[in-house]
Each structure stands twice: as structure tokens, then as C-alpha cells.
Amino acid sequence: MRILHTADWHLGKIVNYVHMTEDQQFILDQFIQIVEKEEPDVIIIAGDLYDRSIPPKQAVDLLNKTLTKLINDFNIPVLAISGNHDSPDRLQFGTELFRRQGLFLDTKVKPDRKPVTLYDEEGPVHFHLIPYVEPAEVAHVFDDSSIRSHQQAAERLIEDIKEQFDMDERHVWIGHSFLAGGMETESEERLSMIGGSPYIDARLFEDFSYVALGHLHQAQRVTADHIRYSGSILKYSFSEANHNKSVTSVDLEFDGSFRINKIPLIPQHDFEMIEGYFEELLNGEAAAHAHNYLHIRLLDDGQLIDPMGKLRKVYPNILHLERRRTATNNSYEELHKVKERQKLSHQDLFRSFYEDIKGDSIPEHRKDLVLQAIESLKERERGE
């Protein structure tokens, strides 16, 4: 049985005030082409379909369009779960009706849960859809108040599966969680730590034929080749700049053996970090592609007039611009500076800003204008 494993679409994502919907449309069109070429027997989406619990209309339209294409045009079962970014209640709407069409979407752990069982010429494969849940939800399902951590919740769920099924058959766990040993990036929200550590020991999943995970954005194995994160479909922060995004194709054999193939996803705009001197960057050759999403670090020491405006004429998709920190700018000194600035009055803060921009002291008549403006704003806030 051929499985196509993906996760962490984060539809509706905004990165540095830039809506990523167009980029997500581009990559999902590419995903559709991969489906057409690979001809999988089943598609897994392991959580975080949306980036927030109330997604924008464009994100809902894109998900609807993509799922409709997969199910109606290719007639391939789609098995999906909710992640920590999704709203379980919103995604749950219509799920029983969707099952009849081949979309199996689980958003809550239920007492009467059953796996989705699909068959190939060698027999059944049982897919256990386990959405992101807090330990208290699992404790409620099993009426067991001793379940207080994600580890204990996973242990109880797996114990229940092993009590009901013959593990000599093929079983696939679909989950959205932290596994100890997985490599994180800045893009992932730390899962709730209510009741203890959010981490789960990967050794719990040794008896499964394949473990299809979502949440960590870098495609990776965790302790064993059959326990995998597919990674996100796009880079969503500059901490992911060196990632190679992909979809994971798994050929699952009758005896539990498998073959893994990571199929690359090529973005419309890549994420790239570059640095250099301002005048050198203006030649337009510093980035691999001028239209990439860029984090630029300037090496210049002196004052620059409107560097962002000038650089954006060459690189229109700059998301972040910063100056090089000197060796003496350690984190303690930076924190000290922040605390010192917090003590400044509004007038002193503006004076400091003026001097940084102009390289000169603010004239007395402008001090008076700034003071008047500040007082006016204070009165407005007080409703006077």
C-alpha cells in the first residue's frame, strides 16, 4: 500500500505581515501534481490544516478546493486530523457526511473510536487517527484521573489499541505531537505543558508499521525510520531557511517492511538569509533570487537613509532588515538596554529616536512640539 504523508499546511498563515495564501496555493497545486504522478492508495494530513482556529475565508476556500480535487478527481481516501492550531469543533462539522465521500477527519478522541481500515491485495491496514489532545481529554475518555501528561495519554491510547487489535497486522498511527528527540524550529508553537512535559517517548510506537506525525516543521525520522515527521509544506520562518520541504511517500509491505521516498516541494518564493554592505547589496546579486523572502543583515556601521525603501526596489520581498551586532552586544547588554529604555519618559524616547535617525540633537522648538503632541494624546486616551 502506498501512503502519501503530509502535514502542517497552516493555511491562512501570515509571516511578517505577509499573507502566504498565494504561496500555499502554488505549493498545493504542486502537491496535486505529485498525487497524480505517485498514485497513492491513501493520503495522510497529520494536523494543522489551518494556522489558527478561525481561519480567513481564503484559507477555507483553498482547503475546500484541494480536498475536493483529491477526493472527487482522484478518488483517493484522505485521512486527516486536527492539530494544535486547528479548532476541533469547527473542523468536526460535517465529518460523518464527509466519510461517505472518502474524507476521514478526526478532531477529538472518542470513547467508541475505531480505526479507518483499508485493504490492499495483501490484507488490511489499520489507520489510527489521533488528533492533538490535552491529557485531560484522554483522562476523561478513559475515566482515569491518573492521566496527567502527554506521555501517559499516549501510553493509554496505545494500550487500548493493543488490547483490541492483533499488532501482527499492519497498523499506522497518525498523530500531532512532540516526540522526544525531534528537532524543533521557531515556527512551532510549544504544545501545552499543563500537567507536565509535552514530550512523548518514541519507543512507544515500536509495534506500529508506520507512524505519520505532524507538528515539527522539519522532515525527519525520530529514533527509527518508520517514525516520521513529514514537515511543513512551506518554510514559515527564517529558522527554517535551510530546510528542504517535501512530501513523504511510503510503500508499506505485507510483512511490515517499507520503502521511504521524500518528494521535494519547490516554493514560489524561498526563504533566504543574506548579509552584506548596503552599497554591495544594491547590485541585486546577493540573493539566489531577487523575489525570495529575505532576512537581510547589514554590515555597515554608519547611518543609512531609508535602507529598507532603497533595498526593496531591488528585493521587493524583504521581510526583515537588521544591523550587524558588534561583539560587545551580548544578550545581557541587550536586556539591560531594554530595561533602561523602559525607564525613559515619552519625550526622552523620542529624543533618542530623533538622534539615532538624524545624528544630531533635537532643536528646542521641536521639543516643544513633541511635548504638545504627547500631552494631546494623553488627554485623548483619558477621554478629555
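The structure this text deals with has already been given above.
Quick caveat, the model's predicted, so the values are computed rather than measured.

Right, let's get into the sheet that holds strand E13 (residues 220-222). By way of backbone hydrogen bonds, the strands of a sheet pair with one another, either parallel or antiparallel. One open sheet accounts for six strands, arranged E7-E8-E9-E12-E14-E13; its pairing is mixed. Edge positions in the sheet fall to strand E7 (116-120) and E13, since each of these pairs with one other strand and no more. The average undirected angle you get between the axes of adjacent strands in this sheet is 30 degrees. Bridge count between strand E12 (residues 210-214) and strand E14 (residues 224-229): three bridges; the pairing is parallel. Looking at the pairing, Leu213 lines up with Tyr229 of E14.

Right, let's get into helix H1 (residues 21-38). Here H1 is 18 residues long and its end C-alpha atoms lie 25 Å apart, about the 26 Å a rise of 1.5 Å per residue gives. Of all the residues in H1, the buried ones are Asp23, Gln24, Ile27, Leu28, Gln30, Phe31, Ile32, Ile34, Val35 and Glu38. Structurally, H1 contributes buried residues whose contacts are with strand E1 (2-6), strand E4 (42-46), helix H2 (57-73), strand E15 (246-252), strand E16 (258-264) and strand E18 (293-298). Positioned one or two residues after H1, Glu39 has a phi angle of 50 degrees, which is positive.

Further remarks concern the pattern of salt bridges. All chains considered together, the criterion is met by 22 salt bridges. Between Asp51 and Lys13 there is a salt bridge, with the nearest N and O atoms lying 3.6 Å from each other. Taken together, the positions of Asp51 in the loop between E4 and H2 and Lys13 in the loop between E1 and strand E2 (14-15) put the pair 38 residues apart, joining distant regions of the chain. A single burial state applies to Asp51 and to Lys13, both of which are buried. Measuring nitrogen to oxygen at the nearest pair gives 3.9 Å for the salt bridge that ties Asp225 to Arg228. The exposure class of Asp225 is partly exposed, given its relative accessible area of 38%. In this structure Arg228 comes out as buried when scored by relative accessible area, which is 12%. The network of salt bridges with shared partners includes Arg2, Glu38, Asp251, Glu253 and Arg259.

Below, the discussion takes up helix H5 (residues 135-142). Of the positions making up H5, those classed as buried are Pro135, Val138, Ala139, Val141 and Phe142. All buried residues of H5 lie within an arc of 160 degrees about the axis, which places them on one face of the element. Of the exposed residues in H5, the ones pointing more than 90 degrees away from its buried face are Ala136 and His140. Structurally, H5 contributes buried residues whose contacts are with helix H6 (150-164). Phi for Asp143, located one or two positions after H5, is positive at around 50 degrees.

What counts, and at which threshold
- Residues numbered from 1 in each chain as written.
- Predicted model: local features only at pLDDT ≥ 70, side-chain atom pairs only at ≥ 80, totals over all residues.
- Heavy atoms only, no water.
- Pairing = 2+ DSSP bridges.
- Helix = DSSP H or I, 4+ residues; strand = E, 2+ residues; numbered from the N terminus.
- Axes fitted to C-alpha atoms, helices over the stretch in contact; angles between N-to-C directions.
- Expected span 1.5 Å × (residues − 1).
- Buried < 20%, exposed > 50% of the residue type's maximum accessible area, 1.4 Å probe, protein only.
- Contact = heavy atoms within 4.5 Å.
- Salt bridge = Lys/Arg side-chain N within 4 Å of Asp/Glu carboxyl O.
- Arc of directions from axis to C-beta.

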